[in-house]
Amino acid sequence: MGVFDGIAGFGVTFSTMFRKVVTEDYPRVKKVTAPRYHGRHQLNRHPDGLEKCVGCELCAWACPADAIYVEGGDNTDELRFSPGERYGAIYQINYLRCIGCGLCIEACPTRSLTMTNEYELADDDRQTLIYDKDRLLAPLLPGMEQPPHPMRLGENEQDYYVQGPEMARRSDVRDSTSDEIDISGAAR
């Protein structure tokens, strides 16, 4: 045991004492995340507003933390929420369990479930951290209609999943119920 052993323990303290202080102004200045950051989940929509989720429950099966609960429902001609035969009637993600691994995103066959860059998920109430379908659905953009409504981009689900992206980009394809809004989302 040497004379300088007690002083050597304060080496880190003394070396940082005269450096410039770095302060994060977090609540007012949000940190910009990487483009592929895994944040809050989002259920996407087709360009006419129908949901992409078909209620297949593959995301729930792929989740290692058992954080996702999906219950599928059947579409009818009067009440159509997605272009397929089924839709996700009940969709919940428990962010108390979610580990942000992204396996649910990889399992989704329709590219319905994606992750956004939103990272502020902390709360002091446990019930608000269980996100229901209404909080997970992407917002309606101009040109979209709130489901349930009939299919607007084609006659069957093949039109949505095979030709849907092309039809959404074309400006000459028009919504059958309105002359003011086209499928691409640009209001006239």
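Here the structure is shown first, and the text comes after it.
Predicted model only: the values in this text are computed from it and were never measured.

What counts and what doesn't
- Residues numbered from 1 in each chain as written.
- Predicted model: local features only at pLDDT ≥ 70, side-chain atom pairs only at ≥ 80, totals over all residues.
- Heavy atoms only, no water.
- Phe/Tyr/Trp six-rings, centres within 6.5 Å; stacked < 30°, edge-to-face > 60°.
- Helix = DSSP H or I, 4+ residues; strand = E, 2+ residues; numbered from the N terminus.
- Buried < 20%, exposed > 50% of the residue type's maximum accessible area, 1.4 Å probe, protein only.
- Lys NZ or Arg CZ within 6 Å of the ring centre and 35° of its normal.
- Polar contact = N/O pair within 3.5 Å; in protein donor to acceptor, adjacent residues only side chain to side chain.
- Contact = heavy atoms within 4.5 Å.
- Patch = residues over 30% accessible without salt bridge, like charges linked within 9 Å, V, L, I, M, F, W, Y side chains within 5 Å.
- Areas by Shrake-Rupley, 256 points an atom, 1.4 Å probe, with all protein chains shown as cover.
- Salt bridge = Lys/Arg side-chain N within 4 Å of Asp/Glu carboxyl O.

## Here's the deal with the packing of aromatic side chains
The description of an aromatic ring pair uses the distance of the two centres, along with the angle that the planes make with each other.
For step 1, the next point in the chain: For the structure shown, the criterion picks out four aromatic pairs.
For step 2, the next point in the chain: Residues Tyr 37 and Tyr 119 carry aromatic rings whose centres are separated by 6.4 Å and whose planes lie at 85° to one another, so their mutual orientation is edge-to-face. Residue Tyr 37 is found in the loop between helix 2 (11–17) and strand 1 (41–43), and its partner Tyr 119 is found in the loop between strand 4 (113–115) and strand 5 (130–131); the two are separated by 82 residues along the sequence.
For step 3, the next point in the chain: Overall, Tyr 37 belongs to the partly exposed group, its relative accessible area being 34%.
For step 4, the next point in the chain: Sitting above the plane of the Phe 81 ring, Lys 133 keeps its charged end 5.8 Å from the centroid.
For step 5, the next point in the chain: Against the face of Tyr 131 rests Arg 135, its NZ or CZ located 3.7 Å from the ring centre.

## Side note on the side chain of Lys 133
For step 1, the next point in the chain: One can find Lys 133 in helix 5 (residues 133–136).
For step 2, the next point in the chain: The exposure class assigned to Lys 133 is buried, which follows from its relative accessible area of 14%.
For step 3, the next point in the chain: Within the local environment of Lys 133, its side chain forms a polar contact with the side chain of Glu 51, the two groups lying 2.8 Å apart.
For step 4, the next point in the chain: If sequence neighbours within four positions are ignored, Lys 133 has contacts with Leu 43, Glu 51, Tyr 87, Gly 88, Ala 89 and Tyr 91.

## Quick notes on a nonpolar patch on the surface
For step 1, the next point in the chain: Together, Val 3, Phe 4, Ile 7, Phe 10, Phe 14, Met 17 and Phe 18 give the surface a local cluster of nonpolar side chains, amounting to about 880 Å² of exposed area.
For step 2, the next point in the chain: Here Ile 7 shows up in helix 1 (residues 5–8).
For step 3, the next point in the chain: What makes Ile 7 exposed here is its relative accessible area of 52%.

Bear in mind that shape data such as this cannot, by itself, settle questions of function.
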